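# Structural overview for review
So you can see what is in the structure, the chains are spelled out below.
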Amino acid sequence: MNDDFTLPEAIDGFRYHAADLLNIPDQYGILVEAEAAAQIVQAAGLPVGPIFGPTIAQGLARIETLPIEDQQTLIRTAARRYATTAPSRRPAQTRQVPAAPAVQPPRRTR
């Protein structure tokens, strides 16, 4: 985001770039766009509501009235918060299975 774009303008259309940037199917780009908007609105301390509800659009409209520097700060704040609270995207760690015990020689019976 730079001085030429407001926050809603920068978010709008991100869905088209998400597939390449995140290596996901094209149809999931809208979810990435919606989640980004929700995170930024939440960082502004505004109500979020349902991810595809009108509350996020209202929050973005309020944020759009802020100076560009404040909008950029909200983006950085949302990104930091998301990076620390989002579920890990790393592959699951495999648990080490203990080695089988050594085979004991059969006991002699009387």
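Owing to the predicted nature of the structure, the values given are computational and were not obtained by experimental measurement.

### Some thoughts on unusual backbone geometry
Even without glycine at this site, N23 takes up a positive phi of about 55°. With respect to the secondary-structure elements, N23 resides in the loop between α2 (14-22) and α3 (29-43). Under the relative-accessibility criterion, N23 is labelled exposed at 72%.

### Looking at the pattern of salt bridges
Taken as a whole and assessed by the stated rule, the structure comprises one salt bridge. Between R15 and E33 there is a salt bridge whose closest N-O contact spans 2.7 Å. Of the two residues, R15 is situated in helix α2 and E33 in helix α3; the sequence distance between them amounts to 18 residues.

### Let's talk about the nonpolar core
Core analysis: the largest hydrophobic core is formed by 14 residues, its most contacted members being L7, I11, I40, V41, I56, L60 and I63. Counting residues per element, the ones that place at least two in this core are α1 (7-11), α3, α4 (54-64) and α5 (68-85). Residue contributions to this core peak at five residues, all from α3. Setting aside its immediate chain neighbours within four residues, V41 contacts L46, P47, V48, I56, G59, L60 and I63.

Definitions and cut-offs
- Residues numbered from 1 in each chain as written.
- Predicted model: local features only at pLDDT ≥ 70, side-chain atom pairs only at ≥ 80, totals over all residues.
- Heavy atoms only, no water.
- Helix = DSSP H or I, 4+ residues; strand = E, 2+ residues; numbered from the N terminus.
- Buried < 20%, exposed > 50% of the residue type's maximum accessible area, 1.4 Å probe, protein only.
- Salt bridge = Lys/Arg side-chain N within 4 Å of Asp/Glu carboxyl O.
- Core = buried A, V, L, I, M, F, W, Y, C linked by side-chain atoms within 4.5 Å.
- Contact = heavy atoms within 4.5 Å.

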